[in-house]
Amino acid sequence: MAYQTFRQEYMQIPPVTRAYTTACVLTTAVVQLELITPFQLYFNPELIFRHYQIWRLVTNFLFFGPVGFNFLFNMIFLYRYCRMLEEGSFRGRTADFVFMFLFGGLLMVIFGVFVNLVFLGQAFTIMLVYVWSRRNPYVRMNFFGLLNFQAPFLPWVLMGFSLLLGNSIIVDLLGIAVGHIYFFLEDVFPNQPGGGRILKTPYILKAIFDVQGEDPNYNPLAEDRPGGFAWGEGQRLGG
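The structure contained in this document is the topic of the report that follows. (Residues numbered from 1 in each chain as written. Predicted model: local features only at pLDDT ≥ 70, side-chain atom pairs only at ≥ 80, totals over all residues. Heavy atoms only, no water.)

Helix and strand content of the chain: 10 helices and two strands. Reading the secondary structure of the chain in the N-to-C direction produces α-α-α-α-α-α-α-β-β-α-α-α. Once local pairs closer than 6 in sequence are excluded, the contacts in the chain between residues at least 24 apart make up 67%. (Helix = DSSP H or I, 4+ residues; strand = E, 2+ residues; numbered from the N terminus. Contact = heavy atoms within 4.5 Å.)

Written out as C-alpha cells, the structure is:
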C-alpha cells in the first residue's frame, strides 16, 4: 500500500521535474555507494573537448555534493521551483521548458569555462528560482520565519544565505545572470518597441514533448495556492 501511494504521488510530479530531480538523487546515491566518484562527473573543458568525455556536460549538473544540509537544501529548492515553473508558466508547454533547460545549461557551460566552476547544479537551481521569482513579482515570501519580502528578492536572499554559510557567491551570481538573460529574452525584449522573440523552441522538441493534452484532473502543487508551503513562499497580495 505504501509503495502504491508513493508511486502514485511520484507519477503525479510533472515529467521534467521528475526526471531532473530523480537523476540528481540517483547520481548522489551512486557516489555515496562509491560506485563512481565525483572526479568522473565534474566539468572539465579539456576532458570534454580533447578527450571526448561528453557526459560531463550533463553530469556536472546532477551532483550537489555528499548527503548533508547543503544537498537537502538544494534538493528542496530545485524540486519546489522547478515544479512550480512547470505547473505554472510552463504548464502545457513542456517543450518550451526543456528548451529553457538546454539554453540555460549551454550558457552556464560557456560561462563555467571562465569562472572555473566544476559543478553547476546549484547555479542551475538559482536560475530556476530567478525565473520563477520574476514571473511572480507580487508573491510575498517568508524565509525561515525571519524575513518577509517580495518574490523578486528571493535569489538575492539565497545568495546572502549562501554567503553566511561560507560558500562562494560566484555560483549564485552565475545562476542569477543566466536566469536574467533568459527572462529578458523571453519576457521583456519581445514586449519592447521593435522587439521580438529571439528564443524559439525547435520543432523537434515540440514534436517530442508536446504530445499530451491537458490533464482534466490537474491539481497544482500545494504551495502554488495561497496559504501553501511556508518555507521560502508566502501568498499573493490580495490572496
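Resuming the write-up.
So, on to the state of the cysteines. Summed over the entire model, instances satisfying the criterion amount to zero disulfides. The structure places no disulfide on Cys24, whose sulfur is separated from the nearest cysteine sulfur, that of Cys82, by 9.2 Å. Take Cys24: its relative accessible area is 0%, and that puts it in the buried class. (Disulfide = S-S within 2.5 Å. Buried < 20%, exposed > 50% of the residue type's maximum accessible area, 1.4 Å probe, protein only.)

Right, let's talk about the nonpolar core for a bit. Counting 57 residues, the largest nonpolar core has Tyr20, Met100, Phe101, Met108 and Leu128 as its most contacted members. Among the secondary structure elements, those contributing two or more residues to this core are helix 2 (15-32), helix 5 (69-87), helix 6 (94-115), helix 7 (121-135), strand 1 (140-143), helix 8 (154-164) and helix 9 (170-188). Counting residues per element, this core draws most heavily on helix 6, which supplies 10 residues. Leave out the neighbours within four places in its chain, and Phe101 touches Val16, Tyr20, Cys82, Phe124 and Leu128. (Core = buried A, V, L, I, M, F, W, Y, C linked by side-chain atoms within 4.5 Å.)

Quick look at helix 5 now. In a regular helix each residue adds 1.5 Å, so 19 residues correspond to 27 Å; helix 5 covers 27 Å between its end C-alpha atoms and thus fits that length. The element helix 5 is largely enclosed, with a buried count of 14 among its 19 residues. (Expected span 1.5 Å × (residues − 1).)

This part covers the packing of aromatic side chains. For the coordinates displayed, the defined rule picks out 14 aromatic pairs. When the ring of Phe77 is compared with that of Tyr81, the centres are 5.6 Å apart and the planes differ by 20°; the resulting orientation is stacked. Residue Phe77 and its partner Tyr81 are located together in helix 5, separated by four residues, close to a single helical turn. Its relative accessible area of 3% is what places Phe77 among the buried residues. Arranged with centres 5.1 Å apart and planes meeting at 70°, the rings of Phe97 and Phe101 form a pair that is edge-to-face. Of this pair, Phe97 and Phe101 both sit in helix 6, four residues apart, which is roughly one turn of that helix. Classification of Phe97 as buried rests on a relative accessible area of 0%. The rings of Tyr20, Phe61, Phe90, Phe97, Phe101 and Phe124 are connected pair by pair, giving a single aromatic cluster. For Arg80, the ring lying beneath its charged end belongs to Tyr81, and the centroid distance is 5.2 Å. (Phe/Tyr/Trp six-rings, centres within 6.5 Å; stacked < 30°, edge-to-face > 60°. Lys NZ or Arg CZ within 6 Å of the ring centre and 35° of its normal.)

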